[in-house]
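Descriptive analysis of the structure
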Amino acid sequence: MPPIPRPSRGDPPGGPVVCPNEGELQEFLTRAVSQVVVREDLERALRSGERRLRIKQGFDPTTKNLHIGHAVGLRKLKKLAEWGHEIVLIIGDWTTQIGDPTDRDLTRPTKSRDEVLENARTYLDQFHLIVPRENTRVVFQDEWYGKFGLRDVIELASRATVQQMLAREEFRKRQAAGTAIPIKDILYPLLQAYDSVAIEADVEVGGTDQLFNILAGREMQEQVGQRPQSVFITHLLEGLDGEKMSKSKPATGVWLTDPPNEMFGKTMSIADALMPHWFEWGTEMPMAEVRDILDALARKELHPREAKVRLATRIVSEFHSAAAAEEAARAFARQFREKQAPEAIPDVRLSRDGEKTLPIVDLLVRAKLQPSKNAARRLVEQRGVRVDDVVADLTTTVATDTDPLIRYGPRSYARIRWI
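Figured I'd write up the structure that's included with this text. Quantities reported herein were computed from a predicted structural model and do not represent experimental measurements.

Scanning the protein from terminus to terminus reveals 18 helices and 13 strands. The C-alpha atoms of the protein give a radius of gyration of 24 Å, which matches the 22 Å a tight globule of 419 residues would have. Oriented by its inertia axes, the alpha-carbon framework of the protein measures out at about 75 × 50 × 40 Å. Buried residues in the protein amount to 48% of all 419 residues. Intrachain contacts of the protein at a sequence separation of at least 6 include 72% that bridge at least 24 residues. Counting every atom, the protein has about 19700 Å² of accessible surface; 51% of that belongs to carbon and sulfur.

Have a look at this one:
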């Protein structure tokens, strides 16, 4: 494979490496973190500050924008850059043309190079909404794959076996279902793995959906005689639908480019159950404050709506400004007042039947607000049900020790009175 031009480790941009204090280091290694391979090695390197680490994260520009789920990993890069380590953000201009098979039981459509590059242009400024420019390089895979020939592709393919690739969960699912597995999909993990070889990465950051690919990079580095990278895996923040936030589902994401009012309103629409993850993984709020809010919610000393206002205000402040967050909160309050429930709301009396909670779908049917479970489920899936002005999802349950206001459909309301 062709040699890769690499910057000297002795002369990267920025100042000296800084050793974090113990509390800061432990929060870095645990907050929003699924796992670290090998944690002891990374912890020792960060604590000692003896050498500048080269940290890699790759992004496939399949769409024009990044969402706040991407911010979980980018904040880790931000902290590492502040400690003086070198950050390499890789634009996957070649891997995007193949399509990442992660979490897919069908192959992703191939994108043209022009489309990929157009999307990539929008990423550059978005990265730096979080990651500082100091100590950071943005590189395109074309720096190495643009020099590849057929011999290099064959040599790269020799670094893994079919059995190793078919051990991947997504490929196992396709094989069991009899779905085609194109060779290009099998090449994807190898291309991402070689990125680590190309830049001689010390650490790779990625979400839980990237674990297979990142471990492949570690293994390939060992094969070519490099020091294997540490693997730093972050949790995946859920989107508005309760599933992982994804570029392929734009309606369920909060985007870094969203204006303040839209960012605030989307955050206010999440299910209550998502708030712990959004507070801890989706913000930089100090953990002591996060714990106080979540404890108050658990003790029912803080109303979920008030907690959500604090969450939305924090998120808008981090991506825009405190002033923008205050104005967004005022705008949301005005909108809420204009769309508040009518004064005459019918009461619906339901028996508790010894139950402490009732799933939202069952409640809609039992209260005769929907004719069947299928109809109720469809309405919930369409985000057409609110409980005390919080959008319900299929996991929502209603406590029988409260009298909730149910909004079903655009203009229909009912107050549940438990007996």
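This brings us to the environment of glutamate 169. Position of glutamate 169 among the secondary structure elements: in helix 9 (residues 169-177). Counting along the chain gives 43 residues from glutamate 169 to phenylalanine 212, while the straight-line C-alpha distance between them is 9.2 Å.

Opposite charge on two side chains permits pairing when their charged atoms draw close. Enumeration over the complete set of coordinates arrives at 35 salt bridges. Of the charged contacts, one joins lysine 79 and glutamate 24 as a salt bridge, the two residues approaching to 3.2 Å between their closest N and O atoms. Here the residue lysine 79 occupies a position in helix 3 (residues 70-82), and glutamate 24 occupies one in helix 1 (residues 22-30), the gap between them amounting to 55 residues. The salt bridge partner of arginine 133 is aspartate 125, with a shortest N-O separation of 3.8 Å. For aspartate 125, a relative accessible area of 54% puts it in the exposed group. Several salt bridges converge on common partners, so that one network encompasses Arg75, Lys78, Glu284, Arg314 and Glu318.

Taken together, 6 strands build an open sheet; the order of strands is 1-6-5-2-3-4 and the sheet is mixed. Whereas interior strands pair on both sides, the edge strands pair on one side only; in this sheet they are strand 1 (33-37) and strand 4 (136-140). Neighbour-to-neighbour, the strand axes of this sheet turn through a mean angle of 20 degrees, independent of strand direction. Here helix 3 sits on the sheet and contacts strand 1, strand 2 (54-59), strand 3 (86-91), strand 4, strand 5 (203-207) and strand 6 (230-234); the angle it forms with strand 2, its principal contact strand, is near 160 degrees. Across the sheet, helix 5 (residues 113-127) touches strand 2, strand 3 and strand 4, and the angle it forms with strand 3 is around 155 degrees.

With that out of the way, let us pick up unusual backbone geometry. Leave glycine aside and you will find that most residues have negative phi; peptide bonds, for their part, are mostly trans. For the bond from valine 37 to valine 38, the omega torsion is -10 degrees, close enough to zero to count as cis. Take valine 38: it is sitting in the loop between strand 1 and helix 2 (39-48). In the Ramachandran plot, alanine 32 falls in the positive-phi region, its phi being about 60 degrees despite a non-glycine side chain. Secondary-structure assignment places alanine 32 in the loop between helix 1 and strand 1. Overall, alanine 32 belongs to the buried group, its relative accessible area being 5%. Of note in this structure, lysine 300 is not a glycine but carries a positive phi near 60 degrees. Position of lysine 300 relative to the elements: it lies in the loop between helix 14 (287-298) and helix 15 (304-319). The exposure class of lysine 300 is exposed, given its relative accessible area of 63%.

The strands making up a sheet associate through backbone hydrogen bonding, with each pair oriented either parallel or antiparallel. What the 5 strands build is an open sheet, ordered 7-13-12-9-10; its pairing is mixed. Every interior strand has two partners, whereas the edge strands, strand 7 (347-350) and strand 10 (390-391), have only one. Pairing between strand 9 (residues 385-387) and strand 12 (residues 405-408): 3 bridges, direction antiparallel. When the sheet's bridge partners are listed, valine 387 is paired in strand 12 with isoleucine 406.

Residues lying three or four places apart along an α-helix face the same way, a consequence of the helix completing one turn every 3.6 residues. For helix 5, with 15 residues, the first-to-last C-alpha span of 21 Å sits near the 21 Å given by 1.5 Å per residue. Turning to helix 5, its buried residues are Val116, Asn119, Ala120, Tyr123, Gln126 and Phe127. Contact partners of the buried residues in helix 5: strand 2, helix 3, strand 3, helix 4 (95-98) and strand 4.

This part takes up the packing of helix 10 (residues 183-199) against helix 11 (residues 211-223). Direction vectors running N to C along helix 10 and helix 11 enclose 55 degrees, while the axes themselves pass 8 Å from each other. Here helix 11 runs oblique to helix 10, going by the angle between their axes. For the element pair helix 10 and helix 11, the recorded crossing hand is right-handed. Contact residues: Tyr188, Pro189, Leu190, Gln192, Ala193, Tyr194, Ser196 and Val197 in helix 10; Phe212, Asn213, Ile214, Ala216, Gly217, Met220 and Gln221 in helix 11. Residues belonging to the contact of helix 10 with helix 11 are distributed by class as follows: 10 nonpolar, 5 polar and no charged.

Another point: the packing of aromatic side chains. Taken as a whole and judged by the stated rule, the model has 10 aromatic pairs. Clustering of aromatic rings is evident, with ring pairs tying together Trp94, Trp144, Tyr145, Phe148 and Tyr194. Positioned above the aromatic ring of phenylalanine 28, the side-chain terminus of lysine 76 is 5.0 Å from the ring centre. Here the basic side chain of arginine 168 rests over the ring of phenylalanine 171, its NZ or CZ set 5.7 Å away from the ring centre.

Take the environment of leucine 237 next. Structurally, leucine 237 is set in the loop between strand 6 and helix 12 (260-268). The sequence separation of leucine 237 and glycine 207 amounts to 30 residues, and the corresponding C-alpha distance is 9.4 Å. In this structure, leucine 237 is in contact with Ile68, Gly69, Val72, Glu243, Lys244, Met245, His277, Trp278, Trp281 and Gly282, ignoring residues within four places of it in sequence.

Turning next to the side chain of glutamine 370. Assignment of secondary structure puts glutamine 370 in the loop between helix 17 (360-366) and helix 18 (373-381). With residues near it in sequence (within four places) discarded, glutamine 370 still touches Leu364, Val365, Ala375, Ala376, Leu379 and Tyr408.

Each value, and the rule that gives it
Residues numbered from 1 in each chain as written. Predicted model: local features only at pLDDT ≥ 70, side-chain atom pairs only at ≥ 80, totals over all residues. Heavy atoms only, no water. Helix = DSSP H or I, 4+ residues; strand = E, 2+ residues; numbered from the N terminus. Rg over C-alpha atoms; globule rule 2.2 N^0.38 Å. Buried < 20%, exposed > 50% of the residue type's maximum accessible area, 1.4 Å probe, protein only. Contact = heavy atoms within 4.5 Å. Areas by Shrake-Rupley, 256 points an atom, 1.4 Å probe, with all protein chains shown as cover. Salt bridge = Lys/Arg side-chain N within 4 Å of Asp/Glu carboxyl O. Pairing = 2+ DSSP bridges. Axes fitted to C-alpha atoms, helices over the stretch in contact; angles between N-to-C directions. Expected span 1.5 Å × (residues − 1). Parallel < 35°, antiparallel > 145°, perpendicular 65-115°, else oblique. Left-handed = near helix turned anticlockwise from the far one by under 90°. Nonpolar A, V, L, I, M, F, W, Y, C, P; charged D, E, K, R; others polar. Phe/Tyr/Trp six-rings, centres within 6.5 Å; stacked < 30°, edge-to-face > 60°. Lys NZ or Arg CZ within 6 Å of the ring centre and 35° of its normal.

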